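Secondary and tertiary structure notes
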Amino acid sequence: MHDTKQQWFKDAKFGLFIHFGLYSQLAGEYEGETTPSIAEWIMNTLDIPKTEYRKLAREFNPTDFDADWIAEKAKSWGMKYLVFTSKHHEGFAMYDSKCSDYTSVKASPCHRDFVAELQEACKKNGLKFGVYYSQAQDWDDPDGYMARHDNSHKTYRNYLEGKCFPQLKELLTQYPDISLLWFDTPMGTTAEESKEMIDLVKSINPNVIVSGRVGNGLGDYMTTGDNFIPADPFPGDWEVPATLNDTWGFKKSDDNWKNPDKILQLLLKINSRGGNYLLNIGPDGTGKIPEESIRILDEVGGYVHRNADAVFATRSLPKYPYEVDWCVFTGKPHKFFIHVLSPKTVLEVININMTVKKAYILEDGTEVRVDLETTCEGPHMITVFLPEKYKNAKNYCVCFEIEEETPEFEAIRM
Ligand code: H79
């Protein structure tokens, strides 16, 4: 079972992922062609030659990128951590790397160190700070992996020793607040090599959490597939990385935004099953966050902010035996929460047994009357009589303070 040994990660539940790099400027389009897939993969998908792609660095000047504003927003959305792409598969360092010239400080007119800016902004806003680092794919380095290309003669070792390991060392020493290293796409990384990366990270700072995709099942926590959530409670520490549309890096043509109600439901399901939700934004080439992302996160984050006690520091609940679509349960020791996501006039839940000391609407403290009885058929049932204001409302939460550590969900027996 995965154990990060870091209480902040176990409690966090909600974080912000940021995909920002040279690809952000292309917005998913190159020489009149729109990439059919995720925008940060455009160099690979459209086979853009390295020398051409590198020219993007010379134009990179994202004057609208405002680390403080982003971190303040993340905090207002109830998020507890932020993960930023310090170097994606494209190979471009978004920080002041000394062992490469291909960096936002040296190769771009902006001369900016985005890792430093975000580290500072996270500190100001009380957020934990993590960086994404593509440890195997590097489409700029001749020895890095590249998906869809022939990697059979890869001299991966050269890349590891020449770029990956030195850059990891730099990141961890230059930016002491880094609390999480988000590795991705291990490709042919062997178990020994994954172990080497982990040892390197821990030798500099043993408290830094290593993500699941360091490869070979050796990370400190389990990272699910992108946008996939476990169907059942899952043991240990884990996280779901997810997008708000169908791309990570900014893509002009992608308007397939997810419904905020759906995102909220997924967040609560993930929390209820024991995981963290890491939601992505992809600023455009100027550093501006798409308005639609902000609208969605304002809505989801508004709920989280109003109901922080029912999200932050929740623990995995046992599997509830019935399919319910109008609500999601979350819980923590001696507290049980029903998040009501579609309108009801009265709340009824069967096969649940607990001793309620107090029950109230979480966001305003209004006490609610609760009946607990055994049904004619046998299992227990709770009934919550709603205040007028909440009859036929949606997106609110009922908090139950209970005697037991956690409620009992009774098996279906009829
Ligand atoms: O950073 C984000 C993605 O860029 C990265 N992981 C998240 C967090 C990621 N790496 N790989 N993938 C996602 C899967 C990529 C699949 C595809 Fe493709 C890329 C499908 C289409 C483009 C590779 C190239 C497979 C087919 C063509």
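Refer to the structure presented above.
Residues numbered from 1 in each chain as written. Predicted model: local features only at pLDDT ≥ 70, side-chain atom pairs only at ≥ 80, totals over all residues. Heavy atoms only, no water.

A few points about unusual backbone geometry
Most peptide bonds adopt trans geometry, and most residues besides glycine take a negative phi value. Its identity is not glycine, yet K13 carries a phi of approximately 70°, on the positive side. For N392, which is not glycine, the phi dihedral falls at a positive 65°. Using a relative accessible area of 51% as the deciding quantity, one classes N392 as exposed. (Buried < 20%, exposed > 50% of the residue type's maximum accessible area, 1.4 Å probe, protein only.)

Thoughts on helix α4 (residues 50-59)
Of the positions making up α4, those classed as buried are Y53, L56 and A57. Taken end-on, α4 shows its buried residues confined to a sector of 105°, consistent with a single buried face. In α4, the exposed positions that point more than 90 degrees away from the buried face belong to T51, R58 and E59. On its buried face, α4 is in contact with α2 (23-26) and α3 (42-45). (Helix = DSSP H or I, 4+ residues; strand = E, 2+ residues; numbered from the N terminus. Arc of directions from axis to C-beta. Contact = heavy atoms within 4.5 Å.)

Description of the nonpolar core
In terms of nonpolar packing, the biggest core is built from 94 residues, with L16, Y53, L82 and F84 touching the most fellow members. Among the elements that take part in this core, helix α7 (residues 156-174) stands out by supplying eight residues, more than any other. Taken domain by domain, this core gets at least three of its residues from each of domain 1 (7-310) and domain 2 (327-409). The residues contacting F84, other than those within four sequence positions of it, are I18, F20, F65, M94, F114, V115, L118, F129, G130, V131 and Y132. Residues F336, I352, A359 and V398 belong to the second largest nonpolar core, which totals 25 residues. (Core = buried A, V, L, I, M, F, W, Y, C linked by side-chain atoms within 4.5 Å. Domains from an automatic or database assignment.)

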